[in-house]
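Inside the fold
One-letter residues, chain by chain:
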Amino acid sequence: MFAAQTIDSTNKPAFYRELATQLKALLEGESDSVANAANTSALIFQMVPDLNWAGFYFLASDEELVLGPFQGKPACVRIAVGKGVCGTAIDLEMSMLVKDVHEFAGHIACDADSRSELVVLLRDNDGVFGLIDLDSPAPGRFDKDDQAGIEALAAIYVAASSFED
């Protein structure tokens, strides 16, 4: 049985290396993409400080993201590509680090308490198919170390999961 171990978060690169080790152990032997997304979002929400939301959105079509497994308050179910931070990340095909969502034109406020956001893309050999979205009530919560750490976790999730229909 997997049990998350507390990690000192004062050194972010070391924190994310240890979190990656824990995620690999958590997903080992399981390839179901939904189960793995659920456990990935739960581990991130439990271990990463100062979050109020952690979860997945998947491309339902070229024009729309649909909500996947998450931890936090109920969320927006559908987001148009090109809209909000998540839709913009898909449109630009790049991770997005937003220090203050109130300064992001077109931000979609699923939770009025959110102040900063980090969106990391999910990619496989066919390209971008979804994203991991993190929200925090603290402005400026995320930095490049967080982005690199969550990008590494996204790669672990993709490698562990099967996306066959």
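Before any of the text, the structure's been laid out above.
Along each chain, numbering runs from 1 in the same order as the chain's sequence is written. Note on the predicted model: pLDDT of at least 70 is required for a residue's local features to be given, and 80 or more for side-chain atom pairs to be given and counted; whole-chain, interface and lining totals, by contrast, use all residues. Excluding hydrogens and water, the side-chain figures rest on all heavy atoms present in the structure.

Working note: α-helix, 3.6 residues per turn, so residues spaced by three or four point in the same direction. Strands here mean DSSP runs of E at least two residues long; helices mean DSSP runs of H or I at least four residues long; both are numbered from the N terminus. Expected span of a helix: the number of residues minus one, times 1.5 Å. The end-to-end C-alpha separation of helix 2 (residues 33-47) is 21 Å, in line with the 21 Å expected for 15 residues at 1.5 Å each. Along helix 2, the positions that sit buried rather than exposed are Ser33, Asn36, Ala37, Thr40, Ser41, Leu43, Ile44 and Met47. All buried residues of helix 2 project into a common sector of 165° when viewed along the axis, lining one side. In helix 2, the exposed positions that point more than 90 degrees away from the buried face belong to Val34 and Gln46. Residues of helix 2 that are buried in the fold lie against helix 1 (12-27), strand 1 (53-61), strand 2 (64-72), strand 6 (127-136) and helix 4 (144-160). The backbone nitrogen of Val34 lies 3.1 Å from a side-chain oxygen of the residue at the head of helix 2, namely Asp32. With a 1.4 Å probe rolled over the protein chains alone, any residue whose accessible area is under 20% of its type maximum counts as buried; one over 50% counts as exposed, and the rest are partly exposed. Think of the arc as the fan of directions from the helix axis to the C-beta atoms. Residue contacts are defined here by distance: any two heavy atoms, one from each residue, within 4.5 Å place the two residues in contact. Here a polar contact means two N or O atoms within 3.5 Å. Within protein one must be a hydrogen donor candidate and the other an acceptor candidate, and residues neighboring in sequence count only if both atoms are side-chain atoms.

Strand pairing in a sheet takes place through backbone hydrogen bonds and is either antiparallel or parallel in direction. The six strands are arranged 3-2-1-6-5-4 in an open sheet whose pairing can be described as antiparallel. Each edge of the open sheet is held by one strand with a lone partner, namely strand 3 (78-80) and strand 4 (96-98). Geometrically, the sheet is characterised by an average inter-axis angle of 25° between neighbouring strands, direction not taken into account. A pair of strands is considered paired only if DSSP assigns at least 2 bridges between the two. Strand direction decides the pairing type here: strand 5 (residues 116-124) and strand 6, joined by nine bridges, are antiparallel. Note that in strand 6 the partner of Arg123 across the bridge is Val128. To get an axis, fit a line to the C-alpha atoms, keeping to the stretch in contact for a helix; angles then go from 0 to 180 degrees between the N-to-C directions. Packed on one face of the sheet, helix 4 meets strand 1, strand 4, strand 5 and strand 6 and runs near 35° to strand 5.

Relative to strand 2, strand 1 runs antiparallel, the two sharing seven bridges. When the bridges of strand 2 are listed, Trp53 appears paired with Gly72.

Another point: unusual backbone geometry. Backbone geometry follows two general trends: most residues other than glycine have a negative phi, and most peptide bonds adopt the trans configuration. In the Ramachandran plot, Asp50 falls in the positive-phi region, its phi being about 65° despite a non-glycine side chain. Topologically, Asp50 is positioned in the loop between helix 2 and strand 1. With a phi close to 55°, Glu93 is a non-glycine residue in the positive phi region.

This next bit is on the side chain of Asp146. Relative to the helices and strands, Asp146 is located in helix 4. Once residues within four sequence positions are removed from consideration, Asp146 is found in contact with Lys12, Tyr16, Leu118 and Arg141.

Moving on to the side chain of Ser95. Inspection of the secondary structure assignment puts Ser95 in the loop between helix 3 (84-92) and strand 4. Residue class for Ser95 comes out buried when judged on its relative accessible area of 13%. At 2.7 Å, the side chain of Ser95 and the side chain of Glu151 are in polar contact. Each residue touching Ser95, except ones within four places of it in the same chain, is listed here: Val119, Val120, Leu121, Gln147 and Glu151.

Attention shifts here to the nonpolar core. Counting residues in hydrophobic clusters, the biggest one holds 30 residues, and the most contacted among them are Leu19, Ile44, Leu122, Ile132, Leu134, Ile150 and Leu153. Of all elements in the fold, only helix 1, helix 2, strand 1, strand 5, strand 6 and helix 4 reach the threshold of two or more residues within this core. Counting residues per element, this core draws most heavily on helix 1, which supplies seven residues. Grouping buried Ala, Val, Leu, Ile, Met, Phe, Trp, Tyr and Cys residues that are joined through side-chain atoms within 4.5 Å yields what is termed a nonpolar core. Residues Leu65, Ala75, Phe104 and Leu121 belong to the second largest nonpolar core, which totals 18 residues.

In this section: the pattern of salt bridges. Whenever Lys or Arg places a side-chain nitrogen within 4 Å of a carboxyl oxygen from Asp or Glu, that contact is recorded as a salt bridge. Scanning the entire structure with this criterion turns up five salt bridges. With its nearest N and O atoms 2.9 Å apart, the salt bridge here joins Arg115 to Asp100. Of this pair, Arg115 sits in the loop between strand 4 and strand 5 while Asp100 sits in the loop between strand 4 and strand 5, placing them 15 residues apart in sequence. The class for Arg115 is partly exposed, based on a relative accessible area of 26%. Beyond isolated ion pairs, a larger network of salt bridges with shared partners links Lys12, Arg141, Asp143 and Asp146.

In short, geometric facts, not functional conclusions.
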